[in-house]
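Coordinate inspection notes
Each chain, letter by letter, is given below.
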Amino acid sequence: MSTPAGPLVITRQHAVAVWTINAPHVGNTITDTAFIAAFEAAVDAANSDTEIGAVILTGEGKIFSAGGNVKQMADREGMFGLDAIDQRYAYVGGIQRLPRALARLEVPIIAAVNGAAVGAGCDLAAMCDIRIASQRASFAESFVQIGLVPGDGGTWFLQRAIGYERAAEMTLTGDRIDAATALDWGLVSRVVPHDELLTAAMELADRIVKNPPRALRMAKRLLQESRTGSLDSTLAMAAAMQPLAHHDGEHQRRIAKWRSS
């Protein structure tokens, strides 16, 4: 099952949704309003569908995402033709909707990085819970090379993935790193042959979705709380969630199975 072709193509394999950025003619850029709206809709649909246990995000063609549309910047099209004050609000009402959408995504999301992830494309990968890279993948926090800063929250996400010093190196040089370096730095959890990327991502997703769906969603929320919250707030949330898990029928069934094994 799949949605009609658009800026974000969604297919479904049992409990796993695969989201494919579908604009290879412009490097799978993610700043267009149509893509942002489609992405938000996909998040909301996944949250409301309790049969979805995980999402895989990848790019169509040879590139994961080139981030912003540099041609539009050069031609001062769309938001890039606005004055400074209006551009500020365009960022808030545009690209910054992506990290906010992912922050409310209840199910785990795996970035299957099939090629270059540049600028906001690198940041989009960093926003995901888990990242797997093709051997052909590369990553660049390249904003400064064209005189910009990460306008999409990249400075927040990248350093949480690889630490401040390496995030600073990527952000302040704009240099590209290859898949092997990304693995060494902890930006991705594994690197696989290009032709095996989606298979590896699906195998990981299948290992995730075999677990009880309510517990998965609560565990992800606890992980997110732990990134920024205090120990006390995390413990309080865990104490509130755990009784819900204990009283879930799936927990009861699995405990009964464990006792009979």
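Going by what an unreviewed UniProt entry lists, the chain is known as Enoyl-CoA hydratase and is assigned to Mycolicibacter senuensis.

**Brief notes about the overall build of the chain**
Looking only at helices and strands, one finds 12 helices and 10 strands in the chain. Relative to the 2.2 N^0.38 estimate, which gives 18 Å for 261 residues, the radius of gyration of the chain is 19 Å and therefore close to what a compact globule would have. The C-alpha extent of the chain, read off along each of the three principal axes, is 65 × 40 × 35 Å. Counting only residues that meet the buried cut, the chain has 44% of its 261 residues in that class. Long-range pairs, those at least 24 residues apart, make up 68% of the contacts in the chain between residues at least 6 apart in sequence. Here the chain displays about 13400 Å² of accessible surface, and carbon together with sulfur accounts for 56% of that area. Side-chain charges in the chain split into 25 positive and 28 negative, and the spacing between the mean points of these groups amounts to 6 Å.

**Quick look at the pairing of strand S1 (residues 8-13)**
Of the strand pairs in this sheet, S1 and strand S2 (residues 16-21) are connected by 6 bridges, and their pairing is antiparallel. Note that in S2 the partner of Val9 across the bridge is Thr20.

**A few points about the sheet that holds S1**
Read from one edge of the open sheet, 6 strands run S1-S2-S3-S5-S7-S10, paired in mixed fashion. The open sheet has two free edges, formed respectively by S1 and strand S10 (190-192), since each of these has just one partner strand. Going across the sheet, the axis of each strand differs from the next one's by a mean of 25°, ignoring polarity. Judged from the 6 bridges that link them, S2 and strand S3 (residues 54-59) form a sheet pairing that is parallel. Each residue of the ladder has a partner; that of Val18, found in S3, is Ile56.

**Remarks on unusual backbone geometry**
With a phi angle near 55°, Asn28 is a residue other than glycine that sits in the positive phi range. Mapping Asn28 onto the fold places it in the loop between S2 and helix H1 (33-48). In the Ramachandran plot, Arg76 falls in the positive-phi region, its phi being about 55° despite a non-glycine side chain. Considering the arrangement of structural elements, one finds Arg76 in the loop between helix H2 (70-75) and helix H3 (84-92). Take Arg76: its relative accessible area is 54%, and that puts it in the exposed class.

**Here's the deal with the domain arrangement of the chain**
Assigned domains of the chain: these are domain 1 (8-210) and domain 2 (213-258). One C-alpha centre belongs to domain 1, the other to domain 2; they are set 27 Å apart. Buried surface at the junction of domain 1 and domain 2, both sides included, amounts to about 1100 Å², of which 40% is carbon and sulfur. Summed over the shared surface of domain 1 and domain 2, the number is 2 salt bridges. Notably, a salt bridge pairs Arg217 with Glu106, separated by 2.8 Å at the nearest N-O pair. Along the contact surface separating domain 1 from domain 2 lie 10 residue pairs in polar contact (both at pLDDT 80 or more). Of all elements in the fold, only H1, helix H4 (97-104), helix H6 (154-162) and helix H9 (197-209) reach the threshold of two or more residues within the side of domain 1 that touches domain 2. Partitioned by chemical class, the residues of the side of domain 1 that touches domain 2 number 12 nonpolar, 3 polar and 6 charged.

Conventions adopted
- Residues numbered from 1 in each chain as written.
- Predicted model: local features only at pLDDT ≥ 70, side-chain atom pairs only at ≥ 80, totals over all residues.
- Heavy atoms only, no water.
- Helix = DSSP H or I, 4+ residues; strand = E, 2+ residues; numbered from the N terminus.
- Rg over C-alpha atoms; globule rule 2.2 N^0.38 Å.
- Buried < 20%, exposed > 50% of the residue type's maximum accessible area, 1.4 Å probe, protein only.
- Contact = heavy atoms within 4.5 Å.
- Areas by Shrake-Rupley, 256 points an atom, 1.4 Å probe, with all protein chains shown as cover.
- Lys, Arg positive; Asp, Glu negative; His and termini not counted.
- Charge placed at Lys NZ, Arg CZ, Asp CG, Glu CD.
- Pairing = 2+ DSSP bridges.
- Axes fitted to C-alpha atoms, helices over the stretch in contact; angles between N-to-C directions.
- Domains from an automatic or database assignment.
- Buried area = accessible area lost by both parts, 1.4 Å probe.
- Salt bridge = Lys/Arg side-chain N within 4 Å of Asp/Glu carboxyl O.
- Polar contact = N/O pair within 3.5 Å; in protein donor to acceptor, adjacent residues only side chain to side chain.
- Nonpolar A, V, L, I, M, F, W, Y, C, P; charged D, E, K, R; others polar.

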